[in-house]
Amino acid sequence: MSETTAKKRIFSGVQPSGKLTLGNYLGAIRNFDLLQDAYECIYCVVDLHAITVRQDPATLRRATLEVLAQYMACGLDPEKSTLFIQSHVPAHAELAWVLNCFTMFGEASRMTQFKDKSAKHADNVNVGLFDYPVLMAADILLYQTDYVPVGVDQSQHIEIARNIAQRFNNTHPGTFVIPEGMYPQAGAGAKICSLADPTKKMSKSDENPNGFILLLDKPEDIMRKFKRAVTDSDSRIILSEDKPGVSNLIQIYALATGKSVAEIEAEFAGKGYGEFKPAVGEAVVEMLRPIREKTEDLLKNKDYLEQVYTEGARRANYMAQKTLDKVYRKVGFVKR
Ligand code: TRP
């Protein structure tokens, strides 16, 4: 990746949770290989962010590699994109400190994710949790990022990153590119719902494990979950707002097979859920099979994974250090 590339730059941070869902895949990850041709892409597994809530060390280590392997299996190509682990690039923590001094207590206090997480982890409302958005701003600003692909739930974090960048630029002109959020388009598979409660978004934190499909689920588990999927009282297979269960399944089937909604409605006209649900299950099994197999291969090949994240960190370090040097000079630190 050269610094002089004309392509716009994308940075995205990924939580090191080993559990990626079908919703994550259809909503975002599936489009990564398109993004990496049009943009210069940097993907970072955010282990520093992860420890703002308690983690089991062995699980965190494994999940960090699992998420990397799954993203690669979904098409992220380490030859085209920079893939690295946040804690391998010290500039993230270093810039976060400087940005802390350009972030107001009041604005950080207004972050809804902080309020939600404080309520959820009431026994561990640590300063890191409060500082989470500032570290995220550092992630983004270090790479002079143009666009940040995130879910709408992250829009407040993008706004605070922009405000911090602007504030720093006001006193130190020309330091940071002001990034923009890149949000999923409505209707483009952006919102896959729970199979157990189709009025809710599919989420790995659903207490009912039948509600979500994981990318690494075994075929028999996928089939079982689809056969049990909650549908609606009448048995017609049509896309309709008052049939959220069937509509969700139609959407998934459409994305998995490339068929249009009209084609699917015609295919299943006069047929019942007994035929439709297993058909959706099979389509998803076939879509996910190569991803699961590739992920398993990668996780067996730890040396290759290590090579990928080491090279990624080397490239990321180079880019990040340039920005950090500039910031240190502007705030008045003596050159090392
Ligand atoms: N907060 C993001 C999330 O929960 C993860 C993240 C951390 C991130 N740093 C980032 C996303 C930088 C985009 C850019 O999904």
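Basis of the calculations
- Residues numbered from 1 in each chain as written.
- Predicted model: local features only at pLDDT ≥ 70, side-chain atom pairs only at ≥ 80, totals over all residues.
- Heavy atoms only, no water.
- Buried < 20%, exposed > 50% of the residue type's maximum accessible area, 1.4 Å probe, protein only.
- Helix = DSSP H or I, 4+ residues; strand = E, 2+ residues; numbered from the N terminus.
- Pairing = 2+ DSSP bridges.
- Near = heavy atom within 4 Å.
- Polar contact = N/O pair within 3.5 Å; in protein donor to acceptor, adjacent residues only side chain to side chain.
- Areas by Shrake-Rupley, 256 points an atom, 1.4 Å probe, with all protein chains shown as cover.
- Axes fitted to C-alpha atoms, helices over the stretch in contact; angles between N-to-C directions.
- Parallel < 35°, antiparallel > 145°, perpendicular 65-115°, else oblique.
- Left-handed = near helix turned anticlockwise from the far one by under 90°.
- Contact = heavy atoms within 4.5 Å.
- Nonpolar A, V, L, I, M, F, W, Y, C, P; charged D, E, K, R; others polar.
- Disulfide = S-S within 2.5 Å.

## Section: the pairing of strand E3 (residues 82–85)
Burial of E3 is two-sided: the residues Thr82 and Phe84 facing one way and the residues Leu83 and Ile85 facing the other way are all buried. Looking at chain direction, strand E2 (residues 40–45) and E3 are connected through four bridges and run parallel. Paired with cysteine 44 across the bridge in E3 is phenylalanine 84.

## Considerations on the site of the ligand
For the ligand, the full set of nearby residues is Phe11, Gly13, Gln15, Val46, His49, Tyr132, Met136, Asp139, Ile140, Val148, Val150 and Gln154. Aspartate 139 places a side-chain nitrogen or oxygen 2.7 Å from a nitrogen atom of the ligand. The side chain of glutamine 154 places a nitrogen or oxygen atom 2.9 Å from a nitrogen atom of the ligand. In isolation the ligand has 360 Å² of accessible area, and contact with the protein removes 89% of it.

## Digging into the packing of helix H7 (residues 112–120) against helix H8 (residues 127–142)
With their axes 9 Å apart at the nearest point, H7 and H8 run at an angle of 155° to one another. Between H7 and H8, the crossing angle belongs to the class labelled roughly antiparallel. Of the two elements, H7 crosses H8, and the hand of that crossing is right-handed. Residue-level contacts link Gln113, Phe114, Lys117 and Ser118 of H7 to Leu129, Phe130 and Tyr132 of H8. Tallied by class, residues from the contact of H7 with H8 come to four nonpolar, two polar and one charged.

## Some words on the state of the cysteines
Throughout the structure, instances matching the rule amount to zero disulfides. Cysteine 41 provides the cysteine sulfur closest to cysteine 44, a residue in no disulfide bond, and the two sulfurs are 14 Å apart. The exposure class of cysteine 44 is buried, given its relative accessible area of 0%.

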